[in-house]
Amino acid sequence: MDSLSVEHLVGIKDLTKKDIELIFKTADAFKEVINRPIKKVPSLRDITIANLFFENSTRTRLSFELAEKRMSADIVNFSAASSSVKKGETLIDTVNNILSMKVDMVVMRHPNPGAAKFLSERVDAKVVNAGDGTHEHPTQALLDSYSVRERLGSVEGKKVVIVGDIIHSRVALSNIYCLQKLGAEVMVCGPTTLIPKYIHELGVKVEYDLKKALEWCDVANMLRIQLERQDIKYFPSLREYSMQYGLTKEMLDNLPKEIVIMHPCPINRGVEITSDVADSEQAIILDQVENGVAVRMAVIYLLASKIKR
Ligand code: CP
């Protein structure tokens with residue numbers, strides 16, 4: 001059986017193109033499974049997975065949980081807000097206590113960049129990063145590229161612009177790595193204050209004019225402004241941001257070609273994207289969410305096959 005080159009999924013940076021293609025091929029098979037009347041397979045019947053969420057989540061948490069249940073894994077769910085973390089317990093103590101209950105894999109979202117790597121170097125269980133602060137969100141990037149491949153036939157050679165709050169976005173960084181490994185051209189677009197200074201080192205194009213960026217691309221991935229990570233003001237107001245970087249139906253209709261619209265969600269309707277764009281045929285936002293389950297099934301299945309018994 002083909003296997004991943006990594007023992008944990010900490011970031012897309014660590015994956016090879018072959019790893020990503022293997023995840024997609026495996027996700028294709030699982031997508032077929034989850035569209036059957038009986039959506040459950042016994043693939044992970046002997047595996048126990050802990051979902052540790054130290055930061056809010058809707059899609060990622062539910063998607064991992066469904067992926068695990070569809071493969072018959074035993075699961076335990078942990079939310080920091082209702083845990084003994086509130087009494088001062090450290091991350092490593094929390095995780096080691098959970099692992100002593102014979103857990104094989106940990107899916108973790110954490111506000112600190114590097115938290116997933118830190119854990120992967122200290123525990124025996126397989127670690128899957130479900131988003132670590134402003135660093136990486138690898139399964140989001142995998143499901144995003146998988147959705148581009150599904151809609152456009154392949155990722156190779158496609159032009160993808162990521163628009164918005166690049167500096168605070170783990171989705172942007174993971175997408176840049178993933179798209180480039182698959183042969184896409186990547187551009188970022190947003191106000192200068194929301195584009196990191198090191199961006200050129202990543203080999204991406206930079207454009208500050210949304211209209212020009214849209215004219216260049218095949219796919220536009222619209223990001224939310226992450227106000228919860230902004231302790232200073234990066235632009236005058238959301239209204240002004242929206243006037244310069246909000247995507248409207250009129251802008252799309254004025255383009256010479258039809259482009260694909262993506263969003264990792266949650267959406268702030270009327271800020272980075274208007275409702276008529278988000279709900280249009282050009283948007284693949286709900287396909288991204290659907291594909292998230294199949295892609296996460298593939299990641300968990302491939303990592304679980306590396307567990308030594
Ligand atoms: N896309 C994403 O990570 O959404 P959640 O924060 O709801 O998990």
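Quantities reported herein were computed from a predicted structural model and do not represent experimental measurements.

Asks: Explain the domain arrangement of the protein chain residue by residue, including any values.
Replies: Taken domain by domain, the protein chain consists of domain 1 (12–136 + 289–304) and domain 2 (138–285). Inter-centroid distance (C-alpha atoms) of domain 1 to domain 2 is 25 Å. Here domain 1 packs against domain 2, burying approximately 2,500 Å² in sum over the two surfaces, 60% of which is carbon and sulfur. At the junction of domain 1 and domain 2, the tally comes to three salt bridges. We note a salt bridge from Arg149 to Asp28, for which the minimum N-O separation is 2.7 Å. Where domain 1 meets domain 2, there are 13 residue pairs in polar contact (both at pLDDT 80 or more). Elements with a contribution of two residues or more to the side of domain 1 that touches domain 2: α1 (17–34), α2 (59–70), β3 (105–110), β4 (126–132) and α11 (285–304).

Asks: Describe the nonpolar core, naming the residues involved and giving the relevant values.
Replies: Core analysis: the biggest nonpolar cluster contains 66 residues, and Ile23 and Leu142 have the highest contact counts within it. Counting residues per element, this core draws most heavily on α11, at 10 residues. Counting the residues that make up this core, at least three belong to each of domain 1 (12–136 + 289–304) and domain 2 (138–285). Not counting residues up to four positions away in its chain, the partners in contact with Ile23 are Leu4, Leu15, Leu142, Val295, Ala298, Val299 and Leu302. Of all hydrophobic cores here, the second largest spans 29 residues; its members include Leu214, Cys217, Ala283 and Ile285.

Asks: With reference to specific residues and values, describe the sheet that holds strand β1 (residues 48–53).
Replies: The four strands are arranged β2-β1-β3-β4 in an open sheet whose pairing can be described as parallel. If you trace the sheet from one side to the other, it starts and ends with β2 (74–79) and β4, each paired once. The average undirected angle you get between the axes of adjacent strands in this sheet is 15 degrees. Alignment of β1 against β3, held across five bridges, turns out to be parallel.

Asks: Requested: an account of the layout of surface pockets, with residues and values cited.
Replies: The gaps left among the atoms become clear once a water-sized probe is rolled over them. Within this model, the largest pocket holds a volume of roughly 450 Å³. Lining the largest pocket are 20 residues, with Arg109, Arg170, Arg224, Cys265 and Pro266 sitting closest to its centre. Only α2 and α6 (170–181) provide two or more residues apiece to the lining of the largest pocket.

Asks: Residue-level account of the side chain of Glu136, with values.
Replies: Note on placement: Glu136 falls in the loop between β4 and α5 (138–152). Polar side-chain contacts of Glu136 include one of 2.5 Å to the side chain of Ser174. If we ignore the near neighbours within four places in the chain, the residues touching Glu136 are Val10, Gly11, Ile12, Lys13, Asn129, Gly131, Arg170, Leu173, Ser174 and Tyr177.

Asks: Break down the pairing of strand β8 (residues 219–222) for me, citing the residues and quoting the values.
Replies: Side chains of β8 alternate between two faces, with Val219 and Asn221 and Ala220 and Met222 buried alike. For β8 and strand β9 (residues 260–262), the ladder comprises three bridges, and the chain directions are parallel. Residue pairing in the sheet places Ala220 in a bridge with Ile261 of β9.

Asks: If you had to explain the environment of Leu4 to someone new, which residues and values would you point to?
Replies: Assignment of secondary structure puts Leu4 in the segment before α1. For the pair Leu4 and Ile23, spaced 19 residues apart in the sequence, the C-alpha separation amounts to 8.4 Å. Setting aside chain neighbours within four positions, we find Leu4 in contact with Asp19, Leu22, Ile23, Leu302, Leu303 and Lys306.

Here is what the cut-offs are and how they apply
- Residues numbered from 1 in each chain as written.
- Predicted model: local features only at pLDDT ≥ 70, side-chain atom pairs only at ≥ 80, totals over all residues.
- Heavy atoms only, no water.
- Domains from an automatic or database assignment.
- Buried area = accessible area lost by both parts, 1.4 Å probe.
- Salt bridge = Lys/Arg side-chain N within 4 Å of Asp/Glu carboxyl O.
- Polar contact = N/O pair within 3.5 Å; in protein donor to acceptor, adjacent residues only side chain to side chain.
- Helix = DSSP H or I, 4+ residues; strand = E, 2+ residues; numbered from the N terminus.
- Core = buried A, V, L, I, M, F, W, Y, C linked by side-chain atoms within 4.5 Å.
- Buried < 20%, exposed > 50% of the residue type's maximum accessible area, 1.4 Å probe, protein only.
- Contact = heavy atoms within 4.5 Å.
- Pairing = 2+ DSSP bridges.
- Axes fitted to C-alpha atoms, helices over the stretch in contact; angles between N-to-C directions.
- 1 Å grid on protein atoms, 1.4 Å probe; cavity = no way out; pocket = protein on both sides within 12 Å on 5 of 7 lines; lining within 4 Å.
- Points joined across faces, edges and corners; volume = space filled by probe spheres on them.

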